[in-house]
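Below are the chains, spelled out letter by letter.
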Amino acid sequence: QLQLVESGGGLVQPGGSLRLACAASSSTFEHYSMGWFRQVPGKEREFVSCISTGGDITNYVDSVKGRFTISRDDVENSVYLQMNSLKPEDTGVYYCAAADMGVGTLAADEYDYWGQGTQVTVSS
């Protein structure tokens, strides 16, 4: 079983930056592709970004391209989401997830493990 714990969320002004982290409980982390999703109450969970095993393939939803960067550290068993130039529409609960496949997927139902989420609020 893989347990995931997100951290790094908070309140930030538009144009600011946050770095989210997701720590995994096991060294088997390196065999999972990883994703970040976000959700606003009353809305479906939205794909944000994913990264393959090894970190060589990444993908982003169009709305965050050029602003967000996903990365992973298989020594620390962690995945990160660097968020720059934040906008109010980036507000939401951010979740990390692990999928038992080599390349990340945009489909939430393909992920096997989920973290508890961390709140990101972008507001003046």
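In what follows, the accompanying structure is described. Remember, it's a predicted structure, so these values are computed and weren't measured experimentally. (Residues numbered from 1 in each chain as written. Predicted model: local features only at pLDDT ≥ 70, side-chain atom pairs only at ≥ 80, totals over all residues. Heavy atoms only, no water.)

## Quick notes on the nonpolar core
Alright, step 1. By size, the foremost hydrophobic cluster in this structure holds 33 residues, and its most contacted members are M34, W36, F68, V79, L81, M83 and Y94.
Alright, step 2. Elements with a contribution of two residues or more to this core: β3 (18-24), β4 (33-39), β5 (46-51), β7 (68-73), β8 (78-83), β9 (92-99) and β11 (118-122).
Alright, step 3. Here this core gets 5 residues from one element, more than from any other, and that element is β9.
Alright, step 4. Sequence-distant contacts of Y94, that is, excluding residues within four places in its chain, are made with E6, L20, W36, F37, R38, V48, F68, L81, M83, G117, T118 and V120. (Core = buried A, V, L, I, M, F, W, Y, C linked by side-chain atoms within 4.5 Å. Buried < 20%, exposed > 50% of the residue type's maximum accessible area, 1.4 Å probe, protein only. Helix = DSSP H or I, 4+ residues; strand = E, 2+ residues; numbered from the N terminus. Contact = heavy atoms within 4.5 Å.)

## Comments concerning the state of the cysteines
Alright, step 1. The final tally for this structure, using the stated rule, is 1 disulfide.
Alright, step 2. A sulfur-sulfur distance of 1.9 Å marks the disulfide that ties C22 to C96. Disulfide C22-C96: torsion about the S-S bond near 50 degrees, hence right-handed. In this pair, C22 is assigned in strand β3 and C96 in strand β9, connecting sequence segments 74 residues apart.
Alright, step 3. Taking the relative accessible area as the measure of exposure, C22 reaches 1% and is therefore buried.
Alright, step 4. Here C50 stays unpaired: no disulfide links it, and the sulfur of C96, its closest cysteine neighbor, is 13 Å away.
Alright, step 5. A relative accessible area of 3% places C50 in the buried class. (Disulfide = S-S within 2.5 Å.)

## Some details on a negative patch on the surface
Alright, step 1. Residues D100, D109, E110 and D112 make up a contiguous surface patch of negative charge.
Alright, step 2. Turning to its location among the elements, D109 is positioned in the loop between β9 and β10 (113-114). (Patch = residues over 30% accessible without salt bridge, like charges linked within 9 Å, V, L, I, M, F, W, Y side chains within 5 Å. Areas by Shrake-Rupley, 256 points an atom, 1.4 Å probe, with all protein chains shown as cover. Salt bridge = Lys/Arg side-chain N within 4 Å of Asp/Glu carboxyl O. Lys, Arg positive; Asp, Glu negative; His and termini not counted. Charge placed at Lys NZ, Arg CZ, Asp CG, Glu CD.)

## So, the environment of P41
Alright, step 1. Along the chain, P41 falls in the loop between β4 and β5.
Alright, step 2. Since its relative accessible area comes to 76%, P41 is described here as exposed.
Alright, step 3. Separated by 52 residues in sequence, P41 and V93 have C-alpha atoms that sit 8.8 Å apart.

## Observations concerning the environment of D74
Alright, step 1. Mapped onto the elements, D74 comes out in the loop between β7 and β8.
Alright, step 2. Here the alpha-carbon distance between D74 and H31, two residues 43 residues apart in the chain, equals 9.3 Å.
Alright, step 3. Ignoring sequence-local partners within four residues, the contact set of D74 consists of F29, E30 and G54.
Alright, step 4. Among the polar contacts made by the side chain of D74, one reaches the side chain of R72 at a distance of 3.0 Å. (Polar contact = N/O pair within 3.5 Å; in protein donor to acceptor, adjacent residues only side chain to side chain.)

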